[in-house]
Amino acid sequence: RKLGLRLLSHRHNLDLERRILSKLRGRVFFEASYAMQAMVDDIETQSLCRFKDFQGGNTHADIDAEVDLTVTVGNSGNWPSYASPNLLMPVEMMKCMAEFEKLYRAHTNMALDWELSLGKCIVVVNDSVELELTTKQACLLALFNSSDALSFSDICSKLNLPADDVVPLLKSFSCGNYKILIKLPATDEVCLTDNFIFNTKFTSDRSGSIKIPLPLVNAKKKMINEDVIDDYIIRAAIMRIMKWHKVLPCDQLVSECAVELRAMLLCK
């Protein structure tokens, strides 16, 4: 998953990624290294793809000229699965996506699914400040193009997202370092009864785009059991042991795996 996010951030070095993968092949299960190699190949193919230069706002008269869309096309079988929200997009984005789908289907019959959770948007606020946002954040902020103030329930219904998904989005805009939205009442936590007003006086002295991070997930929700070892690591340990012994009773295999995995945990 981290490799996927890194490759889609357009700040990757494919040569470096390939060198790292070549070193990983002898240490992790073959399926894992093969899948990661396929992801890198997807991005390399994308750099030669006819779709990469698609920009909706600049090339199609019926699309808002202020909206540009750049699409990365990959093989879904090579990438890990991501949670896809049933998000209601702004009309401007929907037009760009529909135009791209026409172009895509004119060249191939393969199915096309949008992975909105991996998207990134650059949004200009108050004609001067560039914000680097996730797709959900951008869709939320776009709601204030037509309304100066919205309640929490209005935002949930317009985005078609549950309250648990909307809370961190609103918190990133109203409770962080950059107060793009003014929250009423002005508390540090977002409540279901809060109202939000767009901050027309928001400015920033920083040059370049400002990344608005999402708040950290509650520690209870994001509790990770450090004793749980990745399935690929367990398989790799079994493969190494069986390559050495060829034939081994089940009890002895389990005990040797436990010894090897325990040593790996101690190294961490």
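Residues numbered from 1 in each chain as written. Predicted model: local features only at pLDDT ≥ 70, side-chain atom pairs only at ≥ 80, totals over all residues. Heavy atoms only, no water.

Undergrad: Any chance you could explain the confidence of the model for the protein chain here in plain terms?
TA: Predicted coordinates in regions of low pLDDT should not be interpreted in detail. Averaged over every residue, the pLDDT of the protein chain is 77; the share at 70 or more is 75%. By mean pLDDT, the top-scoring element of the protein chain is strand 5 (residues 195-198) (94), and the lowest-scoring one is helix 4 (residues 56-59) (47). Per-residue pLDDT stays below 50 along residues 219-229; that stretch engages in five contacts with residues further than four places along the chain or on separate chains. (pLDDT = per-residue confidence, 0-100. Helix = DSSP H or I, 4+ residues; strand = E, 2+ residues; numbered from the N terminus. Contact = heavy atoms within 4.5 Å.)

Undergrad: Please clarify how the packing of aromatic side chains should be interpreted in this entry.
TA: Think of a pair of aromatic rings as described by two things: how far the centres are apart, and how the planes are tilted against each other in angle. In total, this model carries three aromatic pairs according to the counting rule given. The interplanar angle of 65° and the centroid separation of 5.7 Å between the aromatic rings of Phe100 and Trp114 together place this pair among those described as edge-to-face. Of this pair, Phe100 sits in helix 5 (residues 91-107) while Trp114 sits in the loop between helix 5 and strand 1 (120-125); the two residues are 14 residues apart in sequence, bridging distant segments of the chain. With relative accessibility at 0%, the residue Phe100 sits in the buried group. The class of Trp114 is partly exposed, set by a relative accessible area of 24%. (Phe/Tyr/Trp six-rings, centres within 6.5 Å; stacked < 30°, edge-to-face > 60°. Buried < 20%, exposed > 50% of the residue type's maximum accessible area, 1.4 Å probe, protein only.)

Undergrad: What's the story with the sheet that holds strand 2 (residues 129-134) in this structure? I'm lost.
TA: Strand pairing in a sheet takes place through backbone hydrogen bonds and is either antiparallel or parallel in direction. The sheet built from three strands is open, its strands ordered 1-2-6 with mixed pairing. Across the chains shown, the open sheet's two edge strands, defined by having one partner strand only, are strand 1 and strand 6 (210-211). In this structure, strand 1 lies alongside strand 2, joined through six bridges in antiparallel fashion. The residue of strand 2 that forms the bridge with Cys121 is Leu133. (Pairing = 2+ DSSP bridges.)

Undergrad: What is the right way to read the environment of Ala258 from this model?
TA: Following the sequence through the fold, Ala258 ends up in helix 10 (residues 250-267). Judged by relative accessible area, which is 31%, Ala258 ranks as partly exposed. Between the C-alpha atom of Ala258 and that of Ala237, which follows or precedes it by 21 residues, the distance is 9.3 Å.

Undergrad: What exactly am I supposed to notice about the nonpolar core here?
TA: Soluble globular proteins tend to bury their nonpolar side chains together. Membership of the largest hydrophobic core comes to 42 residues, with the highest contact counts inside it found for Leu131, Leu140, Leu141, Phe144, Ile155, Leu170 and Ile180. Listed by contribution, the elements that provide at least two residues to this core are helix 5, strand 1, strand 2, helix 6 (135-142), helix 7 (152-159), helix 8 (163-174) and strand 5. Among the elements that make up this core, the one with the highest residue count is helix 5 (five residues). Not counting chain neighbours up to four residues away, the residues in contact with Leu141 comprise Val123, Val125, Leu131, Leu133, Phe173, Ile180, Leu181 and Phe198. The next biggest cluster of nonpolar side chains, apart from the first, holds seven residues, and it includes Leu3, Leu21, Val40 and Trp79. (Core = buried A, V, L, I, M, F, W, Y, C linked by side-chain atoms within 4.5 Å.)

Undergrad: Please explain the pairing of strand 4 (residues 181-184) as it appears in this structure.
TA: Strand residues, when the strand is regular, have side chains that alternate between the two faces of the sheet. Side chains of strand 4 alternate between two faces, with Leu181 and Lys183 buried and Ile182 and Leu184 left unburied. As judged from the four bridges shared by strand 4 and strand 5, these two strands associate in the antiparallel manner. Within strand 5, the residue paired with Lys183 across the bridge is Phe196.

Undergrad: Whenever I open this one, the packing of helix 6 against helix 8 confuses me. Can you help?
TA: Two quantities define a packed helix pair, namely the angle between the axes and the distance from one axis to the other. Packing of helix 6 against helix 8 brings their axes to within 10 Å, and their N-to-C directions diverge by 75°. Relative to helix 8, the element helix 6 lies roughly perpendicular. Counting all contacts with helix 6, which are made through Lys136, Gln137, Leu140 and Leu141, the residues of helix 8 involved are Asp165, Leu169, Leu170, Ser172 and Phe173. Here the contact of helix 6 with helix 8 is built from residues that sort into five nonpolar, two polar and two charged. (Axes fitted to C-alpha atoms, helices over the stretch in contact; angles between N-to-C directions. Parallel < 35°, antiparallel > 145°, perpendicular 65-115°, else oblique. Nonpolar A, V, L, I, M, F, W, Y, C, P; charged D, E, K, R; others polar.)

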